[in-house]
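Results of the structural survey
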Amino acid sequence: MQSNQLSVRNIHLPILGIGTWAWGDNLFWGYGSNYGEKEVQEAFNAAVEAGATFFDTAEVYGLGESEKLIGKFLKQTSQPIQIATKYFPLPWRFNQDAVGEALTASLDRLDLEQVALYQVHMPFDFFMGQETLMKALATEVKKGRILTVGVSNYSAKQMQQAYDYLANYNVPLAVNQVRYSLLTRSIERNGILDKARELGVTILAYSPLDQGLLTGKYTPEKREVTGARKIDPKFSAAGLKKIEPIINQLKKLGEKYDKTPAQVALNWLIAQGDVIPIPGAKNARQAQENAGGMGWQLSSEDVKQLSLLSNK
Ligand SMILES: NC(=O)c1ccc[n+]([C@@H]2O[C@H](COP(=O)([O-])OP(=O)(O)OC[C@H]3O[C@@H](n4cnc5c(N)ncnc54)[C@H](OP(=O)(O)O)[C@@H]3O)[C@@H](O)[C@H]2O)c1
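Anyway, here's the lowdown on the structure attached to this text. Sequence positions are assigned chain by chain, starting from 1 and proceeding in written order. Since the coordinates come from a predicted model, pLDDT governs what is reported: local features require at least 70, and pairs of side-chain atoms require 80 or more to be given and counted, while whole-chain, interface and lining totals use all residues.

1. Considering the overall build of the chain
Strands are runs of DSSP state E lasting at least 2 residues, helices are runs of H or I lasting at least 4, and numbering of each runs from the N terminus. A count of helical and extended segments in the chain gives 11 helices and 10 strands. A radius of gyration in this sense is built from C-alpha atoms; the matching globule rule multiplies 2.2 Å by the number of residues raised to 0.38. Relative to the 2.2 N^0.38 estimate, which gives 20 Å for 312 residues, the radius of gyration of the chain is 19 Å and therefore close to what a compact globule would have. Reported as C-alpha extents along the three principal axes, the dimensions of the chain are approximately 50 × 40 × 40 Å.

Right, dumping it as C-alpha cells:
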C-alpha cells in the first residue's frame, strides 16, 4: 500500500495536495459566477477532512484573493495544514529585497509566519538573475520564513542551475512544479523528469486532470465548459473525441477499483513515484473526490497499460 505521505527534503507532505488557482480567480475559472467563497470554503474543509492537508496557491491567483481566502479558512481549523505559495518574477522586481517584500505580502494575506514551500512561479530572468533570486530564497530559509524552496515551469537545465545556486547556501531544491497528467506527458520526454530524479527533486504535477478533461464529464456531446477553456482545442468536439479511449479505460479501471476516472488518473500520477498531484477543486464534492486519488494503489500492470494507451 502506498504511503499517504512523501518526504520532500526536510518536510513531509501528503502525497496529494489541492490546487487553489480557481479560488478567487474569475478571469480563467469564473469565480463569483457559478461558485464563490462558500463553495471553496467547503472544498477546503472537505479536503482537510479527507487528509489532503496541503494546498498550493500563488500571489497572482485572483490577485492575492486565493491566499486571502486560505488565510481565512486556516483560522477555522485546528488541523495542521501545509501551504505552498509562489513568487512571480515581474520585470520591475530587480533586486533581492523584492523577494522578501513579496514573501511578506503573501504571509500577510495568509496570516502565517512561515510557509512549507515557496516556489518561483516562472523561470523569467528580466533584471534579477537566477543567482540573486536563489540567494534571496536561501536567505528566507535561514530566516525561517520558508521551509523549502521550489521552482515551477523550469526546464531540466534551469532546474540544474537553480539547484547549483541554492547548493552554495546548503539549501536543497525541493520541487519543480510542472504540468503533468495522463494527457500531458512532455516532462517524460524533455528531460525534466529524469533531471528531477537525478537531483532528488519532487515533481508537483499541476493540471493533473488536464483542467477537468480526465474526469470524463466533458464529452463531444456535452461540452458546457466555462471560461478560457472554451477556446482550448482540447475541449473542442474533435479534441474530446480523441481522448475517448483514455476516458473509457479510466472508467473501466474505475469500475474495477470502485473509483472514479479522476481518482484513477490521479493515482496513475502518484504511481510514477516522487510525484505529488495538486488537482484543483471548486467545491466540496470535487475536493473529496480528488482526495480519494490517494490511499489506494493501481496494480503495476494497470499503471503500465494506462501509460501505453495514453502515449499513443
Ligand atoms: N505553476 C503553474 O504555472 C500552474 C499552472 C496551472 C495550475 N497550477 C496549480 O495546479 C492546480 C491544478 O491545476 P488546474 O486547476 O489547472 O487543473 P486541474 O486540477 O487539472 O483541473 C481543475 C478543474 O477541473 C474540474 N474538476 C476538478 N476536480 C473535479 C472533479 N472531481 N469532478 C469534476 N470536475 C473536477 C474543475 O473545473 P470545472 O468544474 O469548471 O470543470 C476544476 O477547477 C491549480 O489550482 C494551481 O494550484 C500551477
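Alright, that's what it looks like, and here's the rest.
2. Considering the site of the ligand
The criterion for a residue being near a molecule or strand is a backbone-placed C-beta atom within 6 Å of that molecule or strand. Contacts to the ligand come from 29 residues, most closely from Gly-19, Trp-21, Tyr-206, Gly-212 and Gly-280. If you tally residues by element for the shell around the ligand, the top one is helix 10 (residues 284–291), at 3 residues. Amino acids outside the nonpolar list (Ala, Val, Leu, Ile, Met, Phe, Trp, Tyr, Cys, Pro) and the charged list (Asp, Glu, Lys, Arg) are all regarded as polar, and Gly is one of them. For the shell around the ligand, a count of residues per class yields 10 nonpolar, 14 polar and 5 charged.

3. A closer look at the packing of helix 4 (residues 130–143) against helix 5 (residues 156–167)
Whenever a helix is involved, its axis is fitted only over the stretch in contact; in every case the axis is a line through C-alpha atoms, and angles between N-to-C directions fall within 0 to 180 degrees. The contact between helix 4 and helix 5 brings their axes to 9 Å, and the two run at 50 degrees. Here helix 5 runs oblique to helix 4, going by the angle between their axes. When you trace helix 4 past helix 5, the crossing you get is right-handed. Packed against helix 4, whose contacting residues are Gln-130, Glu-131, Met-134 and Ala-138, the element helix 5 presents Gln-161, Ala-162, Tyr-165 and Leu-166 at the interface. Within the contact of helix 4 with helix 5, the residues separate by chemical class into 5 nonpolar, 2 polar and 1 charged. Here is the rule for angles: anything less than 35 degrees is roughly parallel, anything more than 145 is roughly antiparallel, 65 through 115 is roughly perpendicular, and the remaining ranges are oblique. Crossing handedness is read from the near helix: turned anticlockwise from the far helix by less than a right angle, it gives a left-handed crossing, and turned clockwise, a right-handed one. For every residue pair, C-beta atoms are placed from the backbone, and the pair is scored as a contact if these atoms sit within 7 Å.

4. Description of the pairing of strand 2 (residues 11–14)
Strand direction decides the pairing type here: strand 1 (residues 5–8) and strand 2, joined by 4 bridges, are antiparallel. Across the sheet, residue Leu-6 finds its bridge partner in strand 2, namely Leu-13. For two strands to count as paired, DSSP must find a minimum of two bridges between them. The loop that links strand 1 with its antiparallel partner strand 2 comprises 2 residues; one of these, Arg-9, has a positive phi angle of about 50 degrees.

5. Brief notes about the nonpolar core
In this usage, the nonpolar core is the set of buried Ala, Val, Leu, Ile, Met, Phe, Trp, Tyr and Cys residues whose C-beta atoms join them within 7 Å. With C-beta atoms placed from the backbone, a residue is buried if 20 or more other C-beta atoms are within 10 Å of its own, exposed if 12 or fewer are, and partly exposed between those counts. Counting residues in each nonpolar core, the largest one holds 95 residues, and the members touching the most others are Ala-47, Ala-162, Leu-173, Ala-205 and Ala-265. With 7 residues, helix 9 (residues 261–271) is the largest single contributor of residues to this core. Sequence-distant contacts of Leu-173, that is, excluding residues within four places in its chain, are made with Val-149, Val-151, Met-159, Ala-162, Tyr-163, Leu-166, Leu-199 and Val-201.

6. So, helix 10
Across the 8 residues that make up helix 10, a large majority, 6, are buried. All buried positions along helix 10 are accounted for by Ala-284, Gln-286, Ala-287, Glu-289, Asn-290 and Ala-291. If you follow the buried residues of helix 10, they end up packed against strand 3 (18–19), helix 1 (37–49) and helix 9.

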